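The primary structure of each chain is shown beneath.
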Amino acid sequence: MRHRFSARVLRNLLSSLLCATLTLGAIVPASAEVKVGVSDWPGWVAWYVAEQKGYFAAHGAKVKLVWFANYSDSIAALSTGQLDANSQTWSDTMTPLARKIKVKAILVNDNSAGNDALMVGPKIKSFADLKGKSIALEQFSISHFVLANALSRNGMSIKDVKIVNLSAGDAAAAFMSGRTDAAVVWNPWVSRIETSGKGRALFTSRDMPGLVPDLLVAHQNALSNPAKRAELVGMIKAWFDAEEFIRGHQAEALPIMSKVVGLTPSAYQVFLPGTRFFTAADNLAALDAANPKSLVAVGPTLHQFLSANKLVDGAVDFNAGIDKSLLLDALKK
């Protein structure tokens, strides 16, 4: 899953980029197509729906999807220009931007809208009850960011609780066994805790709209190449077909998506309610700097968290990290 802030993994970006150059040389983009990195997250696995339903072909887009079992590797591959575009979060795009690497967000695939949650037991009735309590989570992950926001919005801070650093699966287990008072996890663990009857969500990513966006990010080399830019515009058109198909034909979409990650359709279904797939209208709003939930508007909140935890070095020009022109071209009649 894409839930660790990979900026931490890429703190020494030069080393990571060298590693990517040595190990990923086989995927240098060919001029006839765009190569796009994809990792394990519903909004990105959805690209395989576009591929298998023929939406790329329908829009004349020659797209090679490149699967990355290690999400961090895909960010390094894009930063070195070995991919034309990549599936990555807005937060993980800030490290390359801070280092003046020319990448730009061109599409928002989705927002987490419930897939991440602060889970508490029956004794915790409100945020005030969390003061001094132990909360299991994976440090420097989206879970950490969700908790920081949840507490801040309720007049508290991370200093008011005791963080127990565990992987998501271990955090869920610790909470369900009573070893911690709460846990911040993502699906499928959110669903497993709810099904067990041992916990409920006090706060979820649905309560912080716009702050957990998953994107298609392109390298400037591809954007400056007219042929590749045209492929990316066609890819964006295909996204809206795929989004509509998933929304209207979930029973058909689930087998495609679940097969990619080795799950059964029923097991994968748990991810869809908490994933808000973005339509054309959603994208126009997200890429409009004047919108209060846009990428530019939420950028400072994300950057503050990254900076406070030494996950990014330097300022980020949020506007410079976005190119809305491909979206506008894709939406032309």
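About the criteria used
- Residues numbered from 1 in each chain as written.
- Predicted model: local features only at pLDDT ≥ 70, side-chain atom pairs only at ≥ 80, totals over all residues.
- Heavy atoms only, no water.
- Helix = DSSP H or I, 4+ residues; strand = E, 2+ residues; numbered from the N terminus.
- Contact = heavy atoms within 4.5 Å.
- 1 Å grid on protein atoms, 1.4 Å probe; cavity = no way out; pocket = protein on both sides within 12 Å on 5 of 7 lines; lining within 4 Å.
- Points joined across faces, edges and corners; volume = space filled by probe spheres on them.
- Pairing = 2+ DSSP bridges.
- Axes fitted to C-alpha atoms, helices over the stretch in contact; angles between N-to-C directions.
- pLDDT = per-residue confidence, 0-100.
- Salt bridge = Lys/Arg side-chain N within 4 Å of Asp/Glu carboxyl O.
- Buried < 20%, exposed > 50% of the residue type's maximum accessible area, 1.4 Å probe, protein only.
- Expected span 1.5 Å × (residues − 1).
- Core = buried A, V, L, I, M, F, W, Y, C linked by side-chain atoms within 4.5 Å.
- Parallel < 35°, antiparallel > 145°, perpendicular 65-115°, else oblique.
- Nonpolar A, V, L, I, M, F, W, Y, C, P; charged D, E, K, R; others polar.

With that out of the way, let us pick up the side chain of N111. Within the secondary structure, N111 sits in strand β4 (residues 103–112). Apart from the residues lying within four places of it in its own chain, the contact partners of N111 are P209, G210, V212, P213, G274, T275, R276 and F278.

What follows concerns empty space enclosed by the protein. One pass over the structure, following the stated rule, counts two cavities of 30 Å³ or more. One number sums up the size of the largest cavity: a volume of about 40 Å³. What lines the largest cavity is F5, T89, W90, S91, I142, L211, V212, P213, D214 and L302. For the lining of the largest cavity, the secondary-structure elements that each account for two or more residues are α6 (90–98) and β10 (213–219).

What the five strands build is an open sheet, ordered β7-β6-β8-β5-β9; its pairing is mixed. The open sheet has two edge strands with one neighbour each: β7 (162–165) and β9 (200–204). Here the average twist between neighbouring strands, direction ignored, is 30 degrees. Those strands touched by helix α8 (residues 168–176) are β5 (116–120), β6 (134–137) and β8 (182–186), and its axis lies near 145 degrees from that of β8. Lying on the sheet, helix α9 (residues 189–196) is in contact with β5, β8 and β9; it crosses β8 at an angle near 130 degrees.

Looking at the protein, pLDDT values average 92 and 91% of them are 70 or higher. Under a pLDDT of 50 for its full length, residues 7–30 has, in the predicted model, 49 contacts with residues more than four places off or in other chains.

Looking now at the pattern of salt bridges. Here the structure, examined in full by the defined rule, presents eight salt bridges. Close ionic contact of K131 with D160 constitutes a salt bridge, the shortest N to O distance being 3.1 Å. Taken together, the residues span a long stretch of sequence, with K131 in the loop between β5 and β6 and D160 in the loop between α7 (142–152) and β7 at a distance of 29 residues. Accessibility expressed as a relative area gives 54% for K131, which makes it exposed. With a shortest N-O distance of 3.1 Å, D329 and K332 are connected by a salt bridge.

Before going further, it helps to examine helix α12 (residues 250–261). A rise of 1.5 Å per residue sets the reference length of α12, with its twelve residues, at 16 Å; its end C-alpha atoms lie 17 Å apart and thus fit the reference within 8%. Among the residues of α12, A253, L254, I256, M257 and S258 are the ones counted as buried. Where the residues of α12 are buried, they touch α2 (42–45), α3 (47–52), α11 (226–248), α13 (265–268) and β11 (275–277). Where α12 terminates, the next one or two residues include G262, which has phi positive at roughly 75 degrees.

So, on to the sheet that holds strand β1 (residues 34–38). Taken in spatial order, the six strands of this open sheet run β2-β1-β3-β10-β4-β11, and their pairing is mixed. Looking at which strands have only one partner, the edges of the open sheet turn out to be β2 (63–67) and β11. Pairs of neighbouring strands in the sheet enclose a mean axial angle of 30 degrees, with direction left out of account. In this structure, strand β3 (residues 85–89) lies alongside β10, joined through five bridges in antiparallel fashion. By the bridge assignment for β10, T89 is matched with D214. Along the sheet, α11 contacts β1, β2, β3, β4, β10 and β11; its crossing angle with β4, the most-contacted strand, is approximately 5 degrees.

What follows concerns the nonpolar core. W47, W90, L118, L130, L232 and M257 are the most contacted members of the largest nonpolar core, which has 100 residues in total. Examining the composition of this core, we find that ten residues originate from one element, α11, more than from any other. Beyond its immediate sequence surroundings of up to four residues, W47 is in contact with V38, F56, L65, S87, L107, N109, L216, M235 and W239. Counting ten residues, the second-largest nonpolar core is a separate cluster that includes M119, A183, V190 and I193.

Between α11 and α12, whose axes approach to 6 Å, the crossing angle comes to 115 degrees. With respect to their mutual orientation, α11 and α12 come out roughly perpendicular. From α11, F245, I246 and G248 reach across to α12, where they touch Q250, E252, A253 and M257. Broken down by class, the residue content of the contact of α11 with α12 amounts to four nonpolar, two polar and one charged.

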